[in-house]
Structures are given as structure tokens and as C-alpha cells.
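# Summary of structural features
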Amino acid sequence: MNRWMLTGVVSLLATSLSLPALADFSNRTIRLSNGIAADHPVADGVRAMTECLAEKSDGAMRINAFWSSALGDDLQATQALRSGIQEAVVASPSPLVGMVPSLGVFDLPFLFADEAEADAVVDGEFGDFINQELEQVGLINLAYWENGFRNVSSSQRPITRWEDFSGTRIRVMQNNIFLDTFQNLGANPTPMAFGEIFSALETGAIDAQENPFVTIDTSKFYEVQDYVSETRHAFTPFLVMFSKRIWDTYSEDEQQALRDCAVVGRDVQRRVIREASLRSKEEIEAAGVAVNEISPEEQQRMREKSQVIYDRHRDQIGPEVIDRVQAILAELRSD
Ligand code: TK8
């Protein structure tokens, strides 16, 4: 090695030791769709995620968000991710059980007692396990955001005991566990995409639907409903998913920024939705809708009546999946 070469090597070494490696970001526009309205707290999460990405990538990574099913419903958008024609979606797991049966665990009635339990399950090893299942079908789940505890709205009558479901034509997500849960309570459930609910309620094609207060508020279901009953019969998370096909073309820095910023967005989204829930309930009442709670005794009767759903869907969800989540919950409840 001559002197010139040696000097070259030394100065190269010096530069690489003193300067951090150049971050690897390209201009990326991420189309992110979902079914709910632009004033739902998911938008607060998306805003926080967007700002975080701009900061980390020096403005190279942007999110272009689409609301109110503008790019299709949860199932269609998720299929678009799998085929690599759309980057991201915020979707409910329930319509996706045909792709990943273990997602059905989130549809089991009365599984979680409160938000803290749900957070512990989805942010822990159980959430990681579900993420691995999703990855196998071409979906990278960046984080679990919150949809929340689901309540029943109706134009017919308030639900105070499970017998009040009798004959109610209620929209459910495209999911056989929800279908069975409401059939078992005596209702007449119809699976339907989220984007079709408002007009189906308005025209009277259905009497009822079930979603958290914030959705009943922001998607204006309260305008075409007379009662909301606080059944809290299920808690559903939101999956913030990215197309694996597109993901694989991104640099490691870009991937890491997406993962980190989805978690930043998650923390904002969860805080905002929990505050908004109470406000939404008040606004629904102020609009003239009768809101009722369910007595603890009747809640317990609904829960007992619904236990059969756990057995009937056990094999389809995966016995070990149900056992695993119940073991985590038992552990949490013993603390
Ligand atoms: C919005 C849906 C919605 C869900 C439903 O796309 O379908 O009822 O609760 O939030 O994911």
C-alpha cells in the first residue's frame, strides 16, 4: 500500500467514524384509508403519525389519508394492501377473519373488562403473535389503535335485558362470531359493510347497529336512531396495517420510522378517543336520543347467555389462541 492510498484509507475511516451513517429515506406518499369519518379520533392519530414521519424523514415520507370508505371498505382496502396496490389501512379485525382466523378472538363477546386489559393484551406478546399471523398473509401490522367498547343503537326500543333483542334487525360486521352472538340473543342480524350502515338505517332496511359512542357520533348514526344502549358487548381494536409487498421495497430506516410513528400515533389516538367517548355520549343525548346503561345483573345475564359462543367458535379461532388470551387475562386479573 503506498502512502497516498494509506492516507485515503485513514481519512475514509475517520469520516465514517465521526459522521453517522446517512439516513436512507426516499420520497414516499402513503395512501392510508379507513371507513370512519375525518373527525373521528383516528384522524388525531394519523396527524401525529404524519408529523412524526415528516420529522424522522426530513419531509420525505407523507401520509395521504382517505376517510369514510372512500377507498373501499375494510375488507376491500385490506385486499388492496395484500396485492400491493395500496400502502396502508386502519381497519377492524372482524371482517378479516377469513384471512386470519385467530383474529376472531377479538370478536368474542365480553372478552375484555376494560381498556387497560385490551391494551395489555394487544401491546404484549399476544399482539406480537397476531402480528406474525398477519405477516404470513402479506400484512404488516404497525400498531393496535382503539375502536373501543361497542354499544347498540336502535330505532326500535332500548335494550335493557337480552330479551329486548328479539326480532331486531341489526347490522353486524361481516363476521360469523358477531352474527352468531346476536342470533343467540334472539336478534335478526345482517352482515354489512360499514359504509352501508347509514342509509340502511335511514331507509329502515335495518333497525339497529352496534359501534362505540364515538362512531355513533362521528358517523351520524344518532340522526337516524332513537336509542343507544350501553351494552359494551365487545371491545374491538383497530389494526394499522401496511402492505408487505410495498414494505419489502422500503429501506430499513423507512420501515423503522413507520413502526415508531405508528406507536406515537397510537398513544395520541388512544388518549383522544377515551376523552371523546364521554363527549360523544353527551352529544348523542343532547340530540334527543335516549341513552341507557345496562344493570350489572342484566349485563351478567347477557354474558352468561353468550358463553356458548366461546365453545362454538373455539376450533375455528384456534383452541390454543383462546386459551392463551384467557391465561393472560387471568394473570392480569389476579394482580
Ligand atoms: C370502519 C369500521 C368500523 C367498525 C364497523 O371501517 O365496521 O362497525 O366498527 O369502525 O372498521
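Residues numbered from 1 in each chain as written. Predicted model: local features only at pLDDT ≥ 70, side-chain atom pairs only at ≥ 80, totals over all residues. Heavy atoms only, no water.

## A short note on the sheet that holds strand β1 (residues 28–33)
With mixed pairing, five strands are arranged side by side in an open sheet as β2-β1-β3-β10-β4. Each edge of the sheet is formed by a strand with only one pairing partner; in this case those strands are β2 (61–66) and β4 (139–149). Along the sheet, successive strands turn relative to each other by an average axial angle of 20°, direction set aside. As judged from the two bridges shared by β1 and strand β3 (residues 88–91), these two strands associate in the parallel manner. (Pairing = 2+ DSSP bridges. Helix = DSSP H or I, 4+ residues; strand = E, 2+ residues; numbered from the N terminus. Axes fitted to C-alpha atoms, helices over the stretch in contact; angles between N-to-C directions.)

## With respect to helix α13 (residues 319–334)
The end-to-end C-alpha distance of α13, which contains 16 residues, comes to 22 Å, matching closely the 22 Å that a straight helix rising 1.5 Å per residue would cover. Here the buried face of α13 lies against α4 (115–123), α5 (125–136), α11 (296–312) and α12 (314–317). (Expected span 1.5 Å × (residues − 1). Contact = heavy atoms within 4.5 Å.)

## So, the site of the ligand
All residues in the neighbourhood of the ligand are listed as Gly35, Ile36, Asp74, Ser92, Asn147, Arg150, Arg171, Met173, Phe194, Asn211 and Phe238. Within the contact set of the ligand, an oxygen atom lies 3.0 Å away from a side-chain nitrogen or oxygen of Asn147. Taking 310 Å² as the accessible area of the ligand by itself, protein coverage stands at 98%. When the residues that make up the shell around the ligand are grouped by side-chain class, the tally is four nonpolar, four polar and three charged. (Near = heavy atom within 4 Å. Polar contact = N/O pair within 3.5 Å; in protein donor to acceptor, adjacent residues only side chain to side chain. Areas by Shrake-Rupley, 256 points an atom, 1.4 Å probe, with all protein chains shown as cover. Nonpolar A, V, L, I, M, F, W, Y, C, P; charged D, E, K, R; others polar.)

## Things to note about helix α2 (residues 42–57)
With 16 residues, α2 extends 22 Å between its outermost C-alpha atoms, agreeing within 8% with the 22 Å of an ideal straight helix rising 1.5 Å per residue. Among the residues of α2, those classed as buried are Val42, Ala43, Gly45, Val46, Ala48, Met49, Cys52, Leu53 and Ser57. At its buried positions, α2 is contacted by β1, β2, β3, β4, β10 (235–243) and α10 (252–286). Trailing α2 by a residue or two, Asp58 shows a phi angle of about 55°, which is positive. (Buried < 20%, exposed > 50% of the residue type's maximum accessible area, 1.4 Å probe, protein only.)

## A short note on the domain arrangement of the protein
Here the protein is partitioned into domain 1 (29–146 + 236–279) and domain 2 (151–234 + 281–334). Contacts between the two partners involve 35 residues from domain 1 and, on the opposite side, 37 residues from domain 2. Summed over both sides, the interface between domain 1 and domain 2 buries roughly 3,400 Å², with carbon and sulfur atoms accounting for 64% of that surface. Our count for the domain 1 to domain 2 interface comes out at two salt bridges. Residue Glu117 is joined to Arg333 by a salt bridge in which the shortest nitrogen-to-oxygen separation is 2.7 Å. Applying the counting rule to domain 1 against domain 2 returns twelve residue pairs in polar contact (both at pLDDT 80 or more). Contributions of two or more residues to the side of domain 1 that touches domain 2 are made by α4, α5 and α10. Counting residues per element, the side of domain 1 that touches domain 2 draws most heavily on α10, which supplies five residues. Here the residues of the side of domain 1 that touches domain 2 are counted per class, giving 20 nonpolar, nine polar and six charged. (Domains from an automatic or database assignment. Buried area = accessible area lost by both parts, 1.4 Å probe. Salt bridge = Lys/Arg side-chain N within 4 Å of Asp/Glu carboxyl O.)

## Some remarks on unusual backbone geometry
The phi torsion at Asp58 lies on the positive side, around 55°, for a residue other than glycine. Relative to the assigned elements, Asp58 resides in the loop between α2 and β2. Positioned with a positive phi, Phe110 is a non-glycine residue whose angle comes to about 55°. As for its position among the elements, Phe110 is in the loop between β3 and α4.

## Details of the nonpolar core
In a soluble, globular protein the nonpolar side chains are often hidden away together inside. In terms of nonpolar packing, the biggest core is built from 43 residues, with Ile30, Phe242 and Leu258 touching the most fellow members. Of the residues forming this core, the biggest block, six residues, is contributed by α2. A domain split of this core shows at least three residues from each of domain 1 (29–146 + 236–279) and domain 2 (151–234 + 281–334). Ignoring any residue separated from it by four or fewer positions in sequence, one finds Leu258 in contact with Ile30, Met49, Leu53, Met61, Leu142, Phe242, Trp247 and Tyr250. (Core = buried A, V, L, I, M, F, W, Y, C linked by side-chain atoms within 4.5 Å.)

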